[in-house]
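Given next are the chains, with one letter for each unit.
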Amino acid sequence: MKNIINPVKGTRDFYPQDKSVNSWLYQNIREVSESFGYQEFDGPFLESIDLYAAKSGEELVKEQSFVFPDKSGNLIALRPELTPSLVRMIAQQQQQLYYPLRWWSFGPFWRYESPQKGRGREFFQWNADLIGVDSPEADAEMAALMAEFFKKIGLSSTQVKVFVNNRRLIEGELSKLDISPDKQGKVFRLIDRKDKLSDKEWSSYALKIGIETKQFDGIKKLLSTDDMWKESTELVQFFSAVDALGVKDYVEYSPRIIRGLDYYTGTVFEALSISTDVRRSISGGGRYDNLLADVGGDSLPGVGFAMGDMVVNVILEELGLLPENRSSSPAKVIVTVFDAESQMASYQLGAELRQTGLNVYSYPTPDKLGKQFRHADRIGAKIAVILGPDEISKQQVAIKDLKTREQVTVSRSEAAAAIQGILDTDSGA
RNA sequence: GCGAGCGUAGCUCAGUCGGUAGAGUGCUGCACUGUGGAUGCAGUUGUCGCGGGUUCAAGUCCCGUCGCUCGCCCCA
C-alpha cells in the first residue's frame, strides 16, 4: 500500500458485494413502505445550518454536523437527519397536501462522530413518517412497518423486537412521585441510561441529578413494571391495533424505552437486537405532535422513525443472514473470443443475444479458451458461448453449461432460445 | 473530547532472546495450441505506516507522529 490517499474517516467504500447489500436493503425498504401505501420522497443533502438550529438538539448541530461555508459565506450543513427537511417541505405546501401523509425515504446522512462498530460518519437511513393523524393506531402502523421489514429481511421476532413506551404515561407516573415537570427531562435521560450503566454508576447518576431515595425507589419500581401499559388507554389501543396488524410477536412494552430526543410527545419506540450482543439500537422513533408548529407551520400531529443501515448490517452479518451471491456478474452468459479474426463475429453475437433480453458479457480479447472459462466461472457466469471457425462456417454456435460441463451446438438462430432454456432449468434446480 | 489495542506482500497473518524478510492465499506461466475449477512444478509481490533515538546490529526496544479498529460520550 503506497501513495494511496486515505478515504475520509468514517466513510465506507461500497465494493460491488457491499453495494449489493445496500441495494437489497433499499429494495426491501421500498417494498415494505409501498405495501403500506407510503410514497417515496427526498430532501436535499445540503441544507442551511439555520434549518437545524431551529429544533434539532443543540449537540447534533454544533458537535455532530459537517458544516462549511459556501463561496458566499453562508453556512451549509451536510444533512445529519431528515426530519427538519421533511417538516420544512410540509410547511411550505401545507395547504396543498392531502392528509394523512405517508412518506418514506432512503438516503445518505452525515454526522461528525467517532466511527466504531455499527456507526460511521456517513450512513444510510430509512425514514418513514405518518403526518396528520393523532391516534394510537397510527403509532401502531409505524411499529408494524418496522416489524414487517424485519420479517422481510429474515429477522425473526426471537432475534429483534420493537420496544414501546409512552412519554405521557411515564410523565404521569413521575408526577405521582412528586418529580416536577422541569426535572422529568433529566429523569428521562436517567431512564435512557439504565441498561448502559452499572447499578452503582446508575445510582450515583440519580443522586447527581437530585433524585431523593424515595423517588429513586419509585423509579426503579416503574422500570420493572412490565405491564404498566395497561394504565395507558393510548397504549391499550396501540397494542390492540398491533394485534390486528398481525405483528404482536415483534412488539413489546418496555418501561425503559424513553428516547433521547426532546421533541417526542407520546408513544416512543426503538428496535433492538435480542439475539446478538449488539447494544446499539437498530431504529427509533415516536410521536411528535408539536414539531410542525415549532417550525412555524400550522399545528399538525405526526409520528415517524428512522433506521440506520449500519447496525442492521452488523446484526445480519452476525446472524449469517446477509444475501448471498453478492459478487457475481449480472450477466449469466459470456461470449468467448476464439481468435482475433473472429472477435467481431463474437461481438456481433453478443449484441444479437442482448437484443433478445439476455444479459451478456463479451470477453474483451482473444485468449485461450481455458482462461476464458476460468474467468467466466469467477464472475459467476452460468453459460459460455463459443464461436470458433467451425461454428462460423456452419452458421452455428456452441453453448456450454459451465456447471454440468455439457456442451451443445445449435444453429445460430436457435441460440438465444437454447441459452434461455438452460438458464431456466438451472434456476429451477 | 477521553481510553485501549493494532499497523509486516494485492488479501489474511506469522516473525522466538534485538542477529540474512516469512507462510498461506491470490496472481502469471507451464504440464494442457478448440474447453475452466483438481493436482504438480516454476515465477511474482515489501518504504516492515512515517520520523527520530538506543545499539556493532531494530520488523522487534524507547520517544514522537499519522492511520485503522474497538470502547466511553452521544446517537441511526
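Please read all numbers here as calculations on a predicted model, not as lab measurements.

We now examine empty space enclosed by the protein. Under the definition given, this model contains two cavities of 30 Å³ or more. Size it by volume and the second largest cavity reaches roughly 40 Å³. In terms of lining, the second largest cavity is formed by Val87, Ile90, Ile131, Tyr288, Leu291, Leu292, Leu300, Pro301 and Gly302. Of all the elements in the fold, those that place two or more residues in the lining of the second largest cavity are helix H4 (83-92) and helix H11 (291-294). Residue classes in the lining of the second largest cavity are distributed as eight nonpolar, one polar and no charged.

Once that is clear, we can look at a nonpolar patch on the surface. Together, Phe45, Leu46 and Phe68 make up a nonpolar patch on the protein surface, roughly 260 Å² of accessible area in all. Inspection of the secondary structure assignment puts Leu46 in strand E2 (residues 46-48).

This part takes up the protein's contact with RNA strand B. RNA strand B sits among 42 residues. The nearest are Arg111, Arg193, Asp377, Arg378 and Arg405. Near-protein atoms of RNA strand B (within 4 Å) split between backbone and bases, with sugar and phosphate holding 44%. One nitrogen or oxygen atom from the main chain of Ile282 is found 3.1 Å from a sugar or linking oxygen belonging to RNA strand B. Contact distances for RNA strand B include 2.6 Å between a base nitrogen and a backbone N or O atom of Leu402. Secondary structure elements with two or more residues in the surface near RNA strand B: strand E6 (122-131), strand E10 (283-287), strand E11 (302-308), helix H14 (369-378) and helix H15 (389-394). A breakdown of the residues in the surface near RNA strand B according to their chemical character gives twelve nonpolar, twelve polar and 18 charged.

What follows concerns the sheet that holds strand E1 (residues 39-40). One open sheet accounts for eight strands, arranged E1-E5-E6-E11-E10-E9-E7-E8; its pairing is mixed. Unpaired on one side and paired on the other, E1 and strand E8 (251-253) mark the two borders of the sheet. Alignment of strand E5 (residues 101-110) against E6, held across ten bridges, turns out to be antiparallel. From the neighbouring strand, Pro108 faces E6, where its bridge partner is Phe124. Where helix H5 (residues 136-152) meets the sheet, its contacts fall on E5, E6, strand E7 (160-166), E8, strand E9 (267-273), E10 and E11, and the angle it forms with E11 comes to roughly 20°.

Right, let's talk about the pairing of strand E15 (residues 396-401) for a bit. For a regular strand, side-chain orientation follows a simple rule: the groups alternate between the two sheet faces. Counting buried positions along E15 gives five out of six residues, so the element sits mostly inside the fold. As judged from the four bridges shared by strand E14 (residues 383-386) and E15, these two strands associate in the antiparallel manner. Residue pairing across strands places Val385 opposite Ile399, the latter belonging to E15. In this antiparallel pair of consecutive strands, E15 and strand E16 (residues 407-411), the connection spans five residues, and Arg405 shows a positive phi of 65°.

Okay, the packing of helix H8 (residues 199-208) against helix H9 (residues 213-223) next. Remark: H8 packs on H9, axes separated minimally by 11 Å, with the N-to-C direction vectors making an angle of 130°. Regarding the angle of H8 to H9, the classification is oblique. Regarding H8 and H9, the two cross each other, and that crossing is right-handed. Residue-level inspection shows Trp202, Ser203 and Ala206 of H8 in contact with H9, the latter providing Phe216, Ile219, Lys220 and Leu223. A class-by-class count of the residues in the contact of H8 with H9 yields five nonpolar, one polar and one charged.

A word on the sheet that holds strand E13 (residues 360-362). Strand order in the open sheet made by the five strands is E13-E12-E14-E15-E16, with mixed pairing throughout. Each edge of the open sheet is held by one strand with a lone partner, namely E13 and E16. Taken pair by pair, the neighbouring strands of this sheet meet at an average axis angle of 25°, ignoring direction. Where strand E12 (residues 333-335) and E13 come together, three bridges link them in parallel fashion. Residue pairing for E13: Ile334 is matched across the bridge by Tyr361.

In this structure, Ser33 sits in helix H1 (residues 16-35). The contact partners of Ser33, leaving out residues within four places of it in the chain, are Tyr38, Trp104, Trp126 and Leu145.

Below, the discussion takes up the environment of Pro100. Within the secondary structure, Pro100 sits in the loop between H4 and E5. The class for Pro100 is partly exposed, based on a relative accessible area of 39%. Through-space distance from the C-alpha of Pro100 to that of Ile131 is 5.5 Å; in sequence the pair is 31 residues apart. Non-local contacts of Pro100, meaning those with residues more than four positions away in its chain, are made with Leu130, Ile131 and Val133.

By domain assignment, chain A separates into domain 1 (16-318) and domain 2 (333-427). When each unit is reduced to the centre of its C-alpha atoms, the spacing between domain 1 and domain 2 is 52 Å.

The space that makes up the second largest pocket amounts to roughly 290 Å³. Of all elements in the fold, only H1 and helix H12 (309-318) reach the threshold of two or more residues within the lining of the second largest pocket. The residue makeup of the lining of the second largest pocket, split by class, is five nonpolar, four polar and six charged.

The biggest cluster of nonpolar side chains holds 65 residues, and the ones touching the most others in it are Trp126, Phe150 and Val251. Broken down by element, the residue count for this core peaks at ten residues, all from H5. Setting aside its immediate chain neighbours within four residues, Val251 contacts Ala143, Val162, Val164, Phe238, Phe239 and Val242. By size, the runner-up hydrophobic cluster in this structure holds 22 residues, among which are Phe41, Leu82, Phe123 and Val268.

Definitions and cut-offs
Every chain begins its residue count from 1, and numbering advances along the sequence as written. Going through the entries in the order they are written, you letter the chains from A and number the ligands from 1. Confidence filtering applies because this is a predicted model: local features only for residues at pLDDT of at least 70, side-chain atom pairs given and counted only at 80 or more, and all residues used for totals across whole chains, interfaces and linings. Excluded from the side-chain calculation are hydrogens and water; included are all heavy atoms of the structure. Here a cavity denotes grid points, spaced 1 Å and computed from the protein atoms alone, that fit a 1.4 Å probe unable to get out, and a pocket denotes an open set having protein on both sides within 12 Å along at least 5 of 7 lines; residues with an atom within 4 Å of a point are the lining. Grid points are joined across faces, edges and corners, and a volume is the space filled by probe spheres set on the points. In this text, helices come from DSSP runs of H or I with a minimum length of four residues, and strands from runs of E with a minimum of two, each type numbered from the N-terminal end. In this count, Pro and Cys sit with the nonpolar residues alongside Ala, Val, Leu, Ile, Met, Phe, Trp and Tyr, while Asp, Glu, Lys and Arg are called charged and the others, Gly among them, polar. A patch consists of residues whose relative accessible area exceeds 30% and which take part in no salt bridge; residues with like charges are grouped when within 9 Å of each other, and nonpolar side chains (Val, Leu, Ile, Met, Phe, Trp, Tyr) when within 5 Å. Each accessible area value is a Shrake-Rupley result obtained with a 1.4 Å probe; residue values ignore everything except the protein chains displayed when judging cover. In what follows, salt bridge is the name for a side-chain nitrogen of Lys or Arg lying within 4 Å of a carboxyl oxygen of Asp or Glu. Residue proximity to a molecule or strand is established when one non-hydrogen atom of the residue lies within 4 Å of it. Within 3.5 Å is the distance limit for a polar contact, defined as a pair of N or O atoms, with the added protein rule that one can donate a hydrogen and the other accept it, and that residues adjacent in sequence qualify only through two side-chain atoms. Two strands qualify as a pair provided that DSSP identifies no fewer than 2 bridges between them. Two residues form a contact once any of their heavy atoms are found within 4.5 Å. All axes here are fitted lines through C-alpha atoms, helices being fitted over the stretch that makes contact, and every angle between N-to-C directions spans 0 to 180 degrees. When accessible area is computed with a 1.4 Å probe and restricted to protein chains, residues below 20% of their type maximum are described as buried, those above 50% as exposed, and intermediate ones as partly exposed. By the definition adopted for this analysis, an angle is roughly parallel if under 35 degrees, roughly antiparallel if over 145, roughly perpendicular if from 65 to 115, and oblique otherwise. We call a crossing left-handed when the near helix sits turned anticlockwise from the far one by less than a right angle, and right-handed when that turn is clockwise. These domain boundaries are the output of an automatic or database domain assignment. Definition of nonpolar core: a set of buried residues of the types Ala, Val, Leu, Ile, Met, Phe, Trp, Tyr and Cys, connected through side-chain atoms within 4.5 Å.

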